[in-house]
Amino acid sequence: MQAPFTWDVNAFVFYFFETTVLSLLSEEPQLEFSLDTFRNPAEILDHLDKLTYRERRGRTKTGAALDFLRNEVFIQEKGSRSKQGVQQIAVVITEGFSQDNVSRLASLLRRAGVTIYAVGTQLASESEDLEKIASYPPWKHVIPLESFLQLFIVKSKIKNQVCPEIVGRRTFVTGVGYTLQEATLGLSSTEDEGEDPWYHKACKCNCQGGANALWSAGATSLDCIPECPYHKPLGFESGEVTPDQITCSNPEQYVGWYSSWTANKARLNSQGFGCAWLSKFQDSSQWLQIDLKEVKVISGILTQGRCDIDEWMTKYSVQYRTDENLNWIYYKDQTGNNRVFYGNSDRTSTVQNLLRPPIISRFIRLVPLGWHVRIAIRMELLECVSKCT
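Residues numbered from 1 in each chain as written. Predicted model: local features only at pLDDT ≥ 70, side-chain atom pairs only at ≥ 80, totals over all residues. Heavy atoms only, no water.

In the annotation of an unreviewed UniProt entry, the protein chain is listed under the name Retinoschisin and assigned to Pteropus alecto. For the record of the protein chain, the UniProt heading Subunit (unreviewed entry) holds the text "Homooctamer of 4 homodimers; disulfide-linked. The homooctamer has a flat, cogwheel structure with a diameter of about 14 nm. Two stacked octamers can assemble to form a hexadecamer." For the protein chain, the Function (unreviewed entry) comment in UniProt is given as "Binds negatively charged membrane lipids, such as phosphatidylserine and phosphoinositides. May play a role in cell-cell adhesion processes in the retina, via homomeric interaction between octamers present on the surface of two neighboring cells. Required for normal structure and function of the retina." (UniProt positions renumbered as here; feature names shortened; annotations may be inferred.)

Here it is in C-alpha cells:
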C-alpha cells in the first residue's frame, strides 16, 4: 500500500482561469470537480483541503483518464470557455507506466486544443509515457521528478510559463497536492503551444553590420551568428537531394525486405510501401547522414515517422563536420552539453527543430536516442537563405 502524500498549499500555486481535478483511483476516472464548479479561490482551496488519500485499485490507465478529459471535462457543457479563446491546460501527474494506449489518446486531447504538461517519477520517465502524453516541445511540457516531494518544481516551471502571459488580468490563486495517483489539474492561460512554423520566422539580427548582413557559408565564426532570417527546404521532399547524398549505418545489411527501407527513403511526406528510412537495428549506434556536397548553412530539421505503421523516432542528437577527414562534432545546447532534440509522437505530424545558431557544415548526422517500436524517419533539412530583415 502506498503512503499518503501530504502537501502544502503555499508550495504549489497556480494562477489560472478555470480548473478541474480528475483522479484515477481505479481503472475508471473519477471527476473531483469540473471547470464551472467553483467561482472563487477560497472554495477551491477548501475543497482541495478536504481531499483524502484513497488506495488505488486495478491497473494504471492514464489513457482512459486523458480520453475522459477530452469527452467529459474540456467541453462547453462542463464550463469550458475554449470558444471564448481561453486556452485549456491539463497537468497529468503519474507515478508509473500506463497499461493502455496513452500515445493515441493524448494526441486526440492535444488536437482538441488542450495543452498537456506531464509530470512523473522515475518509473514513468523510463517508460517514456511522459513524452507520449505531453504537448510539444517535451523540454517545455515534460517535468520528471525523483519523487513527489519535488512537486515544487512543477509549481515553478508552470507558473513561470503561464503567469507572464496573464499579468494585468483578473486571476484566481489555488494550490493542489495529491496522493500518489494519476491526476490532472485543468488550467487556462494565453500561452501559445510550441513555436511558430519555420516558414513564419523573421530575423532578429544584433550582429555588427546590422540588418543588411548577408548570410554566408564562409562565415564559420560562431561569435556572432544571428537567428536565421529565412528558411528554405533543402530538397528531401522535392527530390533535389539525391539518393547518394543520404546514407546510414550498416548499409550492407539492407537486403531483402529491408532494401525498400533504405536511407534515401527518408523524405518528408513520402507515402506508400518503403516511405521512410527504417533502421534494421534499434540502438543508439545507428545514424542517418546527409552529404550536402558543399558547406551550407543549415537552420532547421523537420521529422516525421513511418507513414503506414506507428513507428517513429522520439529523440535524437545531431553531429556535423565540414570535411570527411575530420571528427564529428555534436551540436551543443546553451550549457555546453550535447543537445537532445525531441522528435515525433505519432506517425503523421511534422516536428520542427530550428537551430540557433545554425550549423555551418557539409555533413550532417542524426543519431536516434529514442524511438517508438522501431527507428523510422522521414525528414527535411532547412537551409538558411537570403539576409536579415
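A. The nonpolar core, seen in detail. Of all hydrophobic cores here, the largest spans 36 residues; its most connected members are Trp-277, Leu-288, Ile-364, Met-379 and Leu-381. Within the residue set of this core, elements represented by two or more residues are β10 (246-248), β11 (277-278), β12 (288-304), β13 (312-321), β16 (351-372) and β17 (376-385). Those residues in contact with Leu-288, other than ones at most four positions away along the chain, are Ile-246, Thr-247, Cys-248, Ala-263, Ala-266, Trp-277, Ile-364, Arg-365, Leu-366, Ile-377 and Met-379. (Core = buried A, V, L, I, M, F, W, Y, C linked by side-chain atoms within 4.5 Å. Buried < 20%, exposed > 50% of the residue type's maximum accessible area, 1.4 Å probe, protein only. Helix = DSSP H or I, 4+ residues; strand = E, 2+ residues; numbered from the N terminus. Contact = heavy atoms within 4.5 Å.)

B. Summary view of the state of the cysteines. Enumeration according to the criterion identifies one disulfide in this entry. The side chain of Cys-275 participates in a disulfide bridge whose partner is Cys-307; the two sulfur atoms lie 2.2 Å from each other. Handedness here is read from the sign of the S-S torsion; for Cys-275 and Cys-307, about -110°, the answer is left-handed. Placement of the pair is Cys-275 in the loop between β10 and β11 and Cys-307 in the loop between β12 and β13, with a sequence separation of 32 residues. By the burial criterion, Cys-275 is buried, and Cys-307 matches it. (Disulfide = S-S within 2.5 Å.)

C. Spotlight on the pattern of salt bridges. A complete count under the given rule lists nine salt bridges for this structure. A salt bridge links Arg-111 to Asp-346, with the nearest nitrogen and oxygen atoms 3.8 Å apart. Here Arg-111 is found in helix α3 (residues 102-111), whereas its partner Asp-346 is found in the loop between β15 (341-342) and β16, with 235 residues between them in sequence. Given the relative accessible area of 57%, Arg-111 is considered exposed. One salt bridge connects Lys-293 with Asp-244, and the closest N-O pair in it is separated by 3.1 Å. One end of the pair, Lys-293, is in strand β12; the other, Asp-244, is in the loop between β9 (230-233) and β10, with 49 residues separating them in the sequence. With a relative accessible area of 44%, Lys-293 lands in the partly exposed category. Shared partners join several salt bridges into a network, and the residues in it are Arg-306, Asp-308, Glu-311 and Arg-374. (Salt bridge = Lys/Arg side-chain N within 4 Å of Asp/Glu carboxyl O.)

D. Highlighting the packing of aromatic side chains. This model, assessed by the stated rule, comprises eight aromatic pairs. Taken together, a centroid distance of 5.7 Å and an interplanar angle of 45° make the contact between Tyr-331 and Phe-341 tilted. With Tyr-331 in the loop between β14 (329-330) and β15 and Phe-341 in strand β15, this residue pair connects regions lying ten residues apart in the sequence. Residue classification places Phe-341 among the buried residues on the basis of a relative accessible area of 0%. Among the aromatic residues, those joined into a ring-pair cluster are Tyr-254, Trp-257, Tyr-258, Trp-261 and Phe-273. Lying over the aromatic face of Phe-363, Arg-321 brings its terminal NZ or CZ to 5.8 Å of the ring centre. Taking NZ or CZ as reference, Arg-365 lies 3.6 Å from the ring centre of Trp-287, over its face. (Phe/Tyr/Trp six-rings, centres within 6.5 Å; stacked < 30°, edge-to-face > 60°. Lys NZ or Arg CZ within 6 Å of the ring centre and 35° of its normal.)

E. Just the environment of Val-114, in detail. Inspection of the secondary structure assignment puts Val-114 in strand β5 (residues 114-120). Leave out the neighbours within four places in its chain, and Val-114 touches Phe-74, Gln-88, Ile-89, Ala-90, Leu-109 and Ser-135.

F. Looking closely at the environment of Pro-29. Tracing the sequence through the fold places Pro-29 in the loop between β2 (21-24) and β3 (30-33). Pro-29 sits in the buried class, given a relative accessible area of 17%. As a C-alpha pair, Pro-29 and Leu-66 span 37 residues in sequence and 9.1 Å in three-dimensional space.

G. Examining the side chain of Ser-80 more closely. Tracing the backbone shows Ser-80 in the loop between α2 (62-73) and β4 (88-94). Side-chain polar atoms of Ser-80 contact the side chain of Gln-88, separated by 3.0 Å. (Polar contact = N/O pair within 3.5 Å; in protein donor to acceptor, adjacent residues only side chain to side chain.)

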